[in-house]
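# Descriptive analysis of the structure
Here is how the chains run, residue by residue.
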Amino acid sequence: MLTSPSFDRTDKLLAWYDRHHRILPWRVTPTEQMRGAKPDPYRVWLSEIMLQQTTVEAVKSYFTAFVERWPDIEAMAKASEDDILRAWAGLGYYSRARNLKKCADLVATQYSGKFPASTAALKELPGIGDYTSAAIAAIAFGEPAAVVDGNVERVISRLFAIDTPLPAAKTQIRALMGDMTPPARPGDFAQAMMDLGATICTPRRPACAICPINEGCKALGEHDPEQFPRKAPKAQKPVRTGAAFIAIADDGSILLRKRKGEGLLAGMTEVPGSGWTARIDGDASIEAAPFPAGWVASGVITHVFTHFELRLSVYSARNIARHTAEDGWWSAPEELGGEALPTVMKKAITAAIPGAFKQQAKRH
DNA sequence: GAGTCGTGGGT
DNA sequence: TACCCAAGACT
């Protein structure tokens, strides 16, 4: 008799997930769910925001620290945005942290501390778009939503050998994902597709021989799976220059200030510098100094952002009197690690003060 | 649809 | 080395 290929695939993938799912701090395993445990919408939401364009390994320690400090939405709503930004520092894409706080406030006040359960309502919340709304609805609330992230795009574009390049193919991919998603266990199915993409159907050298749904994979049968998904070539990134000034007081404190606006690194902490942007070079010379002092060239650091590369000339001066600074604040050496300093700023400070940030060993 | 928005790891 | 890429959202 005829069997439905899509049902076969869905069934096989769920069976594979039951045996081979990754163990992750935010995940409730199939076994735990069978014993009655349910995913906490707050933890699902927090993990999904952190995971946007960010590797699982990078997220783990941040997620653990966040849920320890803010165990529920009410706790996070009580926190200040600056507290959130300090805890988020280093994870990147800082608008996520600002939207995290906005969303926590909204859910706490407008939804009585309970996340709305549908993709449509979730998508209205700040920082929650097509992917995240579907992921939360499927994982936390059992809605059979089509969860499409980069992994799913890759898996489906290979299964069906989709020649349309991304992102134009996204509508078609979402429809196909919707067809495959089962009414039962939609959250596990979504996570199964993502685990498959992360561990088997990888961007390069996919392990097709051990793929649980390799049967009927069009890319495997007729093409080179590695050639999917098709993507438009990306533009090269320009190189920008600028200057950063490390003003050091007699007790070792460093002068910091807060970045304004809503764009790059908005709301984060920085050292004084020239006004570089993604599009415009800043003054890389000592003339950009915030005030006269015995500035000494302390090297040039390079930092690569998503769409441009920044070369910062770093200058430092010691024994600066505190009243010299007109704005900002002085941060003592032992407080520096707790500031909302993005990585590019930590690099600049380290160029002038090699021991400023003692790296703590990561446990694996 | 195309830009903007971080960072670290892998090849 | 110089790329590529990772559970995208927002404008």
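Residues numbered from 1 in each chain as written. Chains lettered and ligands numbered in written order. Predicted model: local features only at pLDDT ≥ 70, side-chain atom pairs only at ≥ 80, totals over all residues. Heavy atoms only, no water.

The name given to chain A in an unreviewed UniProt entry is Adenine DNA glycosylase, with the source organism recorded as Falsochrobactrum tianjinense. The UniProt entry for chain A carries the following comment under Catalytic activity (unreviewed entry): "Hydrolyzes free adenine bases from 7,8-dihydro-8-oxoguanine:adenine mismatched double-stranded DNA, leaving an apurinic site." Quoted straight from UniProt, the Function (unreviewed entry) entry for chain A says "Adenine glycosylase active on G-A mispairs. MutY also corrects error-prone DNA synthesis past GO lesions which are due to the oxidatively damaged form of guanine: 7,8-dihydro-8-oxoguanine (8-oxo-dGTP)." (UniProt positions renumbered as here; feature names shortened; annotations may be inferred.)

## Notes on the nonpolar core
As a rule of thumb, soluble globular proteins bury nonpolar side chains together. Counting residues in hydrophobic clusters, the biggest one holds 101 residues, and the most contacted among them are Trp45, Leu46, Met76 and Ile349. Of all the elements, helix α9 (residues 130-141) adds the most residues to this core, at 8 residues. Excluding residues within four positions of it along the chain, Ile349 makes contact with Ile246, Ile254, Leu256, Val271, Leu336, Leu341, Ala356 and Phe357. Grouped together as the second largest cluster of nonpolar side chains are 12 residues, Phe245, Ala247, Ala249 and Ala317 included. (Core = buried A, V, L, I, M, F, W, Y, C linked by side-chain atoms within 4.5 Å. Buried < 20%, exposed > 50% of the residue type's maximum accessible area, 1.4 Å probe, protein only. Helix = DSSP H or I, 4+ residues; strand = E, 2+ residues; numbered from the N terminus. Contact = heavy atoms within 4.5 Å.)

## A word on the protein's contact with DNA strand B
Close to DNA strand B lie 20 residues, the nearest being Leu265, Arg279, His303, Thr306 and Thr343. Each atom of DNA strand B within 4 Å of the protein was classed as base or backbone; sugar and phosphate made up 62%. Between DNA strand B and the protein, one listed contact pairs a phosphate oxygen with a backbone N or O atom of Tyr94 at 2.7 Å. One nitrogen or oxygen atom from the main chain of Thr343 is found 2.6 Å from a phosphate oxygen belonging to DNA strand B. For the surface near DNA strand B, the secondary-structure elements that each account for two or more residues are β4 (296-304) and α14 (343-352). In the surface near DNA strand B, the residues fall into 10 nonpolar, 9 polar and 1 charged. (Near = heavy atom within 4 Å. Polar contact = N/O pair within 3.5 Å; in protein donor to acceptor, adjacent residues only side chain to side chain. Nonpolar A, V, L, I, M, F, W, Y, C, P; charged D, E, K, R; others polar.)

## A short note on the protein's contact with DNA strand C
Surrounding DNA strand C, one finds 24 residues, the nearest of these being Glu48, Gly127, Asp149, Asn151 and Arg154. The contact atoms of DNA strand C, taken as those within 4 Å of the protein, divide so that sugar and phosphate hold 65%. Within the side chain of Trp26, a nitrogen or oxygen atom sits 3.2 Å from a base nitrogen of DNA strand C. At 2.4 Å, a backbone N or O of Gly127 approaches a phosphate oxygen of DNA strand C. Among the elements of the structure, α3 (41-51), α9 and α10 (150-159) are those that each provide at least two residues to the surface near DNA strand C. Considered class by class, the residues forming the surface near DNA strand C number 9 nonpolar, 8 polar and 7 charged.

## Description of the packing of aromatic side chains
Evaluated as defined, the whole model comprises 11 aromatic pairs. Their ring planes at 45° and their centres at 6.4 Å tell us that Trp276 and Phe308 sit as a pair that is tilted. Of this pair, Trp276 sits in the loop between β3 (269-270) and β4 while Phe308 sits in the loop between β4 and β5 (309-317), and the two are 32 residues apart along the sequence. Taken individually, Trp276 and Phe308 each receive the classification buried, so the pair is uniform in this respect. Ring geometry for Phe305 against Phe308: centres 4.8 Å apart, planes inclined by 20°, an arrangement best described as stacked. Here Phe305 matches Phe308 in class, with each residue buried. The residue whose ring lies beneath Arg230 is Phe228, and the NZ or CZ to ring-centre distance is 4.4 Å. (Phe/Tyr/Trp six-rings, centres within 6.5 Å; stacked < 30°, edge-to-face > 60°. Lys NZ or Arg CZ within 6 Å of the ring centre and 35° of its normal.)

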